[in-house]
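The residues making up each chain are set out below.
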Amino acid sequence: MVFWEGYVSDDVMGTFAPIVVYWLYAGFYQLLPRLDRYRLHTKKEEEQKNLVMLSTVVKGVLLQQLVQATVAQVLFLVTAQASLLGVPVQPSIPVQILQVFMAMLVMDTWQYFVHRYMHHNKFLYRHIHSQHHRLVVPYAVGALYNHPLEGLLLDTFGGAMSFLITGMTPRTAVFFFCFAVIKTIDDHCGLWLPGNIFHMFFQNNTAYHDIHHQLQGSKYNYSQPFFSVWDRMLGTYMPYSLVTRRQGGLEVRPLKD
């Protein structure tokens with residue numbers, strides 16, 4: 001039993017809930033006060049180093065979400081498995097938890113290797129992936145700011161593979177994709193807030209991904225959005241330390257050249 005049952009279908013929720021969650025959660029970060037003592041970069045750095053305006057970022061994210069919604073609708077339509085009553089069979093809670101965990105691993109694996117290749121292939125980086133790195137100082141609203149082709153290959157296809165391989169239902173997918181969206185936004189928020197549960201339970205977090213957005217870290221910390229296992233296994237993990245800046249706030253410092 002879920003709160004939307006009887007109002008909208010699981011397919012509709014699976015398509016549009018992640019989009020709504022994205023703007024609510026990213027908007028929450030956008031509306032917070034400056035919180036300079038918890039920022040990984042100063043506001044001045046954000047304004048000077050970033051190469052794209054907020055309005056352009058918003059348009060880019062909306063375009064990617066339009067593509068994602070279209071693919072999601074097709075995916076749910078093609079894979080629909082209904083009982084005689086037209087209601088998908090929902091597995092037990094333990095099975096759903098296992099499916100979500102496996103989906104996290106699938107998404108991480110897909111995104112690591114595609115993401116890494118986009119950095120190593122000079123053509124793909126220059127013409128496609130560099131768009132995301134125009135945000136040298138990442139912020140929440142820009143979490144899904146990508147070239148449209150990258151958004152399709154990295155995020156949309158990665159999500160589709162996670163859904164198909166694990167065999168989760170659209171109802172389970174609602175929770176998985178909303179969680180993945182929240183985690184991705186948090187990784188790009190640029191704030192190291194006390195009590196953040198993602199910082200407590202995930203080594204792949206805001207500071208971890210900030211290293212990757214720093215110019216000297218572009219060959220490290222490709223893993224996203226959940227675990228750091230592939231970086232550690234394949235030698236692309238960059239350790240770091242969090243230090244307090246004299247002028248206030250925090251700084252993520254790589255621990256190797």
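Residues numbered from 1 in each chain as written. Predicted model: local features only at pLDDT ≥ 70, side-chain atom pairs only at ≥ 80, totals over all residues. Heavy atoms only, no water.

Here we come to the overall build of the protein chain. Looking only at helices and strands, the protein chain has 10 helices and two strands in total. Helices (α) and strands (β) of the protein chain occur, in sequence order from the N terminus, as α-α-α-α-α-α-α-α-α-α-β-β. Taking 257 residues into account, the globule formula puts the C-alpha radius of gyration at 18 Å, and the protein chain, at 19 Å, falls close to it. The principal-axis extent of the C-alpha atoms belonging to the protein chain is close to 65 × 40 × 35 Å. Once local pairs closer than 6 in sequence are excluded, the contacts in the protein chain between residues at least 24 apart make up 68%. In the structure as shown, the protein chain presents an accessible area of about 13,400 Å², 67% of it carried by carbon and sulfur atoms. (Helix = DSSP H or I, 4+ residues; strand = E, 2+ residues; numbered from the N terminus. Rg over C-alpha atoms; globule rule 2.2 N^0.38 Å. Contact = heavy atoms within 4.5 Å. Areas by Shrake-Rupley, 256 points an atom, 1.4 Å probe, with all protein chains shown as cover.)

In this structure, Tyr22, Tyr29, Val57, Phe163, Phe176, Ile185 and Phe226 are the most contacted members of the largest nonpolar core, which totals 35 residues. Elements represented by at least two residues in this core include exactly α1 (10-31), α3 (54-79), α4 (93-120), α6 (148-166) and α7 (170-188). When residues of this core are assigned to their parent elements, the largest contribution, six residues, is made by α7. With residues near it in sequence (within four places) discarded, valine 57 still touches Val52, Leu135, Tyr139, Val141, Gly142 and Tyr145. Judged by nonpolar contacts, the second largest core, of seven residues, contains Leu40, Ile211, Met238 and Val252. (Core = buried A, V, L, I, M, F, W, Y, C linked by side-chain atoms within 4.5 Å. Buried < 20%, exposed > 50% of the residue type's maximum accessible area, 1.4 Å probe, protein only.)

For the rest of this paragraph, the subject is the side chain of glutamine 111. Residue position: glutamine 111 is located in helix α4. A residue is classified by how much of its surface remains accessible, and glutamine 111, at 4% relative accessible area, is buried. The residues contacting glutamine 111, other than those within four sequence positions of it, are Arg116, Leu154, Asp155, Gln224 and Pro225.

Glancing now at the packing of α7 against helix α9 (residues 206-213). Relative to each other, α7 and α9 sit at 60°, their axes nearing to 7 Å. Taken as axis vectors, α7 and α9 run oblique relative to one another. For the pair α7 and α9, the crossing hand works out as right-handed. Together, Asp186, Asp187 and His188 of α7 and Thr206, His209 and His213 of α9 make up the contact between the two elements. Within the contact of α7 with α9, the residues separate by chemical class into no nonpolar, four polar and two charged. (Axes fitted to C-alpha atoms, helices over the stretch in contact; angles between N-to-C directions. Parallel < 35°, antiparallel > 145°, perpendicular 65-115°, else oblique. Left-handed = near helix turned anticlockwise from the far one by under 90°. Nonpolar A, V, L, I, M, F, W, Y, C, P; charged D, E, K, R; others polar.)

Let us now look at the environment of proline 170. Structurally, the position occupied by proline 170 is in helix α7. Judged by relative accessible area, which is 12%, proline 170 ranks as buried. In this structure the C-alpha to C-alpha distance between proline 170 and valine 12, which are 158 residues apart in sequence, comes to 8.9 Å. Among residues more than four places away in sequence, those in contact with proline 170 are Asp10, Asp11, Phe76 and Phe163.

Our next topic: the UniProt feature "transmembrane region" (unreviewed entry) in the protein chain. According to UniProt, the "transmembrane region" (unreviewed entry) feature falls on residues 12-32, 52-76, 96-114, 135-154 and 160-182. Counted over residues 12-32, helix gives 95% and strand 0%. Its end C-alpha atoms are 30 Å apart. Summarising residues 160-182: 87% helix, 0% strand, and an end-to-end C-alpha distance of 18 Å. (UniProt positions renumbered as here; feature names shortened; annotations may be inferred.)

Here we come to the pairing of strand β1 (residues 240-244). Relative to strand β2 (residues 250-254), β1 runs antiparallel, the two sharing five bridges. From the neighbouring strand, tyrosine 240 faces β2, where its bridge partner is proline 254. (Pairing = 2+ DSSP bridges.)

Once that is clear, we can look at the environment of tyrosine 139. Examined against the element boundaries, tyrosine 139 turns out to sit in the loop between α5 (122-127) and α6. Overall, the relative accessible area of 9% leaves tyrosine 139 in the buried class. A C-alpha to C-alpha distance of 16 Å links tyrosine 139 and leucine 215, two positions 76 residues apart in sequence. If we skip the residues at most four places from it in the chain, tyrosine 139 touches Gln30, Glu46, Asn50, Leu54, Val57, His188 and Cys189.

Below, the discussion takes up α1. Counted at 1.5 Å a residue, the expected span for α1 with its 22 residues is 32 Å, and the 30 Å between its end C-alpha atoms agrees. In α1, a bend of some 35° at phenylalanine 16 exceeds every other bend along the element, and proline 18, a proline, comes one to four places later. Every buried residue of α1 is listed here: Asp10, Met13, Gly14, Thr15, Ala17, Pro18, Ile19, Tyr22, Tyr25, Ala26, Gly27 and Tyr29. In this structure, the buried side of α1 is in contact with α3, α7 and α8 (197-201). (Expected span 1.5 Å × (residues − 1). Bend = angle between axes of the 7 residues up to and from the residue.)

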